[in-house]
Amino acid sequence: MDKLKMHSPNLTDENVAMIRDMFPSCVTEAADETGKLRWVVDFHSLSQELSDYIVDGGQERYHLNWPGKREALIISNAPIAKTLRPAPSESLEYANTKNLLIEGDNLDALKLLQDTYLGQIKMIYIDPPYNTGNDFVYDDRFSQGSSKYLEMSSQLDADGNRLIANTSANGRFHSDWLSMIYPRLRLAKKLLKEDGLIIISIDDVESSGLRLLCDEVFGRENFVAQFIWKSRVSEDTRATSGVSTDHEYLVCYSRSDSAYFRGSEKDVNKFSNPDDDPRGPWRSADLTGLATKDARPNLHYDLIDPKTEINYGCPPKGWRFEPRTMEQKIREGRVLFPSSVDGRPRHKLFMNEMKSLFKNISSVVSGFSTADGTRELNSLMGGVAFTFPKPTALIKLFVEQITQEDDIVLDFFAGSGTTADGVMQQCAADGLSRKFILVQIPEKLDRESPAQGTAAEFCDKLGVPRNIAELTKERVRRAGARIIERPRHPSWNADVGFRVLKVDTSNMQDVFYRPDEVGQADLLAAVDNIKPDRTPEDLLFQVLVDWGVDLTLPIRRETIHGKTVFFVDDNALAACFDSGVTEELVKQLAGHVPLRMVFRDNGFVSDAVKINVEQIFRQLSPNTDIKSI
Ligand SMILES: C[S@@+](CC[C@H](N)C(=O)[O-])C[C@H]1O[C@@H](n2cnc3c(N)ncnc32)[C@H](O)[C@@H]1O
């Protein structure tokens, strides 16, 4: 059935805009009966968004498609039975740091971060595998078997004959990459702040597909720029085509139109607030127009200051605004009238209203190359090779342009950890305290491989498992140590630590576990099903993840009445997972007036105590939200 044509002509633009904001991929362009292009709801995509099974159908419409796309969509929406387990011994400044280093598949990590970091991240930088043919691209275990793929991509006829020679490898190659990146970008978008930006490093292999995909995920109107980065300075040519490619791209999208680049200092310094205007810093801008009287007669009129009644006449190319807009600007006190009739009126441009100040940030990023990235890593890690680490200057540039005090920078393809290094370096330079979250899968390092041999050896020397996540941790440790040794801005909080959290299966055995979805009876069964290797800290972090509590808050562990109690950020959350909890302990905990309190469901010394818990809290700390696991 042609669902697209069923879209109601009565749908208001506002409704469509709301759907578009929530699900950009479900609103597309289509021609109406008169052939005019308009925004319409793609009901097929919308029904797929709202289903956890594959919805059949679809018709011609403007969109990017590939075999496996619907599975990838389902994957991005599907819940997971996983948790984040803290690893204090692998962390640095575990108790006090505001930075996170998550070890595991970023698809899981992005899902686990949704509740806590929804709309909280100011800048995401990622440098995913470019799909050069040698990369490890995580398959999320949903790619089809080869024959199913061939059938789906119409390369087999009904008799099972192959129609097109030698294209299946290519077709699947790109599809798999898109299927890998699509769910991750969808999840990443939800983490971005309203004024947040994402920057994605990419080369020619996937840049065209990535742009179309990002148009769908972030909305085409949120495309900011595709920066060209001159990444290679050496003259050796690598291309068989005879065209040597010495650049790659940084594809940038915003979460909404409130995102902006700071611009160069030169631009920012033009703004000031000499008259304490409550609308903030401003600069004066030209008010004269650019059109002849013949071309734009409505811009040609005498401009008169209503207060002094001085008439400033009309400049040869008229004014910038037509009379009604000009009147409005005068009413708002935005027009600056000079005291002399010979002067030219100007108008106030407010910094916070400027969509963008970045006209001086060139779309060509240059001055540092991948070779710098390699050199930096070498100097920190004594000769360890990593395939094309990015230079820290690249990260610093975007961190400086986009982020401010307290902002969080996320990189979920962390590799050698350049992003953390760049963030810390920028903080040391300008004194602003920012936070980072890195995600890196413990991808195995092969000692025999020329590309990975030195890194594998390095892990052996450190006595850690041979994988990239270990390399990431060590790089960030060493980078931080070097940065705080050097001169740094006195205002920076010098947080070079990181809390390591590892993606792992749920702490509960064999059950998909979310406290809010499990009934009382199930819970009793579930608590006894805590895996034997899980610690109270593991349970605590599962609670933080589920409750969406900041994962970097300080945690204090105390023994009260012989039981272990955790206080997260003093009173943001208190938790006791021990058994044998008495009424005395409950009273004491209620006396701390925590915002949230967690017990183990079968952890009370008697049923009577359990029944009394709510009553005790109602009296001593009525605003506490109490839950049990
Ligand atoms: C191109 S590298 C990033 C390099 C990094 N920008 C640097 O400067 O070192 C991509 C990284 O993403 C990691 N990666 C690939 N798939 C991943 C996944 N599903 N989850 C987490 N990390 C992944 C790879 O192991 C690799 O280290």
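Residues numbered from 1 in each chain as written. Predicted model: local features only at pLDDT ≥ 70, side-chain atom pairs only at ≥ 80, totals over all residues. Heavy atoms only, no water.

**Here's the deal with the nonpolar core**
One broad trend across soluble globular proteins is that nonpolar side chains are buried collectively. Within the largest apolar cluster, 68 residues are counted, with the highest numbers of intra-cluster contacts made by L185, L551 and L573. Ranked by size, the runner-up nonpolar core spans 48 residues in total, among them L197, L250, L394 and W492. (Core = buried A, V, L, I, M, F, W, Y, C linked by side-chain atoms within 4.5 Å. Buried < 20%, exposed > 50% of the residue type's maximum accessible area, 1.4 Å probe, protein only.)

**Quick notes on the site of the ligand**
Around the ligand, a shell composed of 21 residues is seen, among which D105, D127, S416, T418 and E443 lie nearest. Within the contact set of the ligand, a nitrogen atom lies 2.9 Å away from a backbone nitrogen or oxygen of N106. I441 is positioned such that a nitrogen or oxygen atom in its backbone is 3.3 Å from a nitrogen atom of the ligand. (Near = heavy atom within 4 Å. Polar contact = N/O pair within 3.5 Å; in protein donor to acceptor, adjacent residues only side chain to side chain.)

**Some details on the sheet that holds strand 5 (residues 121-126)**
If you trace the 10 strands from one edge of the open sheet to the other, you get 3-15-4-14-13-5-6-8-7-12, paired in mixed fashion. Lying at the two open borders of the sheet, with one neighbouring strand each, are strand 3 (82-86) and strand 12 (364-365). Bridge count between strand 6 (residues 192-202) and strand 8 (residues 247-254): six bridges; the pairing is antiparallel. The partner of S201 across the bridge, within strand 8, is L250. Taken strand by strand, helix 7 (residues 204-218) contacts strand 6, strand 7 (223-230) and strand 8, and its axis lies near 0 degrees from that of strand 8. Of the strands in this sheet, strand 5, strand 6, strand 7, strand 8, strand 12 and strand 13 (408-411) are in contact with helix 11 (residues 392-402), which crosses strand 5 at around 160 degrees. (Pairing = 2+ DSSP bridges. Helix = DSSP H or I, 4+ residues; strand = E, 2+ residues; numbered from the N terminus. Contact = heavy atoms within 4.5 Å. Axes fitted to C-alpha atoms, helices over the stretch in contact; angles between N-to-C directions.)

**Let's talk about the sheet that holds strand 11 (residues 346-350)**
The antiparallel open sheet is built from three strands, whose spatial order is 9-11-10. Unpaired on one side and paired on the other, strand 9 (282-286) and strand 10 (335-336) mark the two borders of the sheet. With two bridges joining them, strand 10 and strand 11 adopt antiparallel strand pairing. Note on strand 11: the bridge partner recorded for L336 is R346.

**Here's the deal with the pattern of salt bridges**
Under the definition given, this model contains 39 salt bridges. As a salt-bridge pair, R85 and D533 come within 3.6 Å of each other at their nearest N and O atoms. Placement of the pair is R85 in strand 3 and D533 in the loop between helix 15 (520-527) and helix 16 (536-547), with a sequence separation of 448 residues. You can call D533 partly exposed: its relative accessible area is 46%. Here E583 ties to K587 by a salt bridge, and the two come within 3.8 Å at their closest N and O atoms. (Salt bridge = Lys/Arg side-chain N within 4 Å of Asp/Glu carboxyl O.)

**Re the pairing of strand 14 (residues 435-440)**
The buried fraction of strand 14 amounts to six of the six residues, a majority that puts the element mostly inside the structure. Burial along strand 14 is two-sided: the residues K435, I437 and V439 and F436, L438 and Q440 are all buried. Where strand 4 (residues 100-103) lies against strand 14, four bridges are found, and the strand directions are parallel. Residue pairing for strand 14: L101 is matched across the bridge by L438. Bridge count between strand 13 and strand 14: four bridges; the pairing is parallel. Its bridge partner lying in strand 14, D411 is registered against L438.

**Points about the packing of helix 17 (residues 583-591) against helix 18 (residues 607-620)**
Packing of helix 17 against helix 18 leaves a shortest axis separation of 9 Å and a crossing angle of 25 degrees. In terms of orientation, helix 17 lies roughly parallel with respect to helix 18. In this structure, helix 17 crosses over helix 18, and the sense of that crossing is right-handed. Residue-level inspection shows E583, V586, K587, L589 and A590 of helix 17 in contact with helix 18, the latter providing V609, N612, V613, I616, F617 and L620. Of the residues belonging to the contact of helix 17 with helix 18, the class tally is eight nonpolar, one polar and two charged. (Parallel < 35°, antiparallel > 145°, perpendicular 65-115°, else oblique. Left-handed = near helix turned anticlockwise from the far one by under 90°. Nonpolar A, V, L, I, M, F, W, Y, C, P; charged D, E, K, R; others polar.)

**Section: the packing of helix 11 against helix 12 (residues 418-430)**
The axes of two packed helices give the description: the angle between them and the distance between them. Where helix 11 contacts helix 12, the axes come no closer than 8 Å and their chain directions differ by 55 degrees. Relative to helix 12, the element helix 11 is oriented oblique. The crossing of helix 11 and helix 12 is right-handed. When helix 11 is examined against helix 12, the residues T392, I395, K396, V399 and E400 are found in contact with a partner set consisting of T418, T419, D421, G422, V423, Q425 and Q426.

**Thoughts on the confidence of the model for the protein**
Any segment with low pLDDT has predicted coordinates that should not be analysed in fine detail. Per-residue confidence for the protein averages 85 on the pLDDT scale, and 84% of its residues sit at or above 70. Throughout residues 1-11 the model reports pLDDT below 50, and contacts reaching past four residues in sequence, or to other chains, amount to 16 contacts. A low-confidence stretch, residues 149-168 (pLDDT under 50), is modelled with 30 contacts involving residues beyond four sequence positions or located in other chains. (pLDDT = per-residue confidence, 0-100.)

**Here's the deal with unusual backbone geometry**
Despite not being glycine, D276 has its phi angle at roughly 50 degrees, a positive value. With respect to the helices and strands, the residue D276 is situated in the loop between helix 8 (265-268) and strand 9. Phi at D406 takes a positive value of approximately 75 degrees, unusual for a residue other than glycine. Here D406 lies in the loop between helix 11 and strand 13. The partly exposed category is assigned to D406, whose relative accessible area is 46%.

**Things to note about the side chain of E103**
Relative to the helices and strands, E103 resides in strand 4. Its relative accessible area of 9% is what places E103 among the buried residues. Once residues within four sequence positions are removed from consideration, E103 is found in contact with E90, Q440, P442, A469, E470, K473, L501, K502 and V503.

**Structural notes on the environment of M326**
By the secondary structure assignment, M326 is in helix 9 (residues 323-331). In this structure M326 comes out as buried when scored by relative accessible area, which is 1%. Measuring from C-alpha to C-alpha, the distance between M326 and L287 comes to 9.7 Å, with 39 residues separating the pair along the chain. If sequence neighbours within four positions are ignored, M326 has contacts with L287, Y301, L303, W319, F321 and V335.

**Here we look at the packing of aromatic side chains**
Geometry of an aromatic ring pair is reported as the spacing of the ring centres plus the angle between the planes. What the rule picks out here adds up to 11 aromatic pairs. On the numbers, 5.6 Å between centres and 20 degrees between planes, the contact of Y312 with F337 is stacked. Here Y312 is found in the loop between strand 9 and helix 9, whereas its partner F337 is found in the loop between strand 10 and strand 11, with 25 residues between them in sequence. Pairing F412 with F413 gives two aromatic rings, centres 5.4 Å apart and planes at 40 degrees, and the pair type is tilted. The residues F412 and F413 share a single accessibility class, namely buried. Three or more aromatic residues link up through ring pairs in this structure, and these residues are F218, F223 and Y253. Lying across the ring of F223, R211 places its NZ or CZ 3.9 Å from the centre. The side chain of R499 reaches across the aromatic face of Y94, ending 4.7 Å from its centre. (Phe/Tyr/Trp six-rings, centres within 6.5 Å; stacked < 30°, edge-to-face > 60°. Lys NZ or Arg CZ within 6 Å of the ring centre and 35° of its normal.)

**Some words on helix 13 (residues 453-462)**
Where helix 13 is concerned, the buried positions are G453, A455, A456, F458 and C459. For helix 13, the elements touching its buried residues are helix 10 (370-381) and helix 14 (468-485). Positioned one or two residues after helix 13, G463 has a phi angle of 75 degrees, which is positive.

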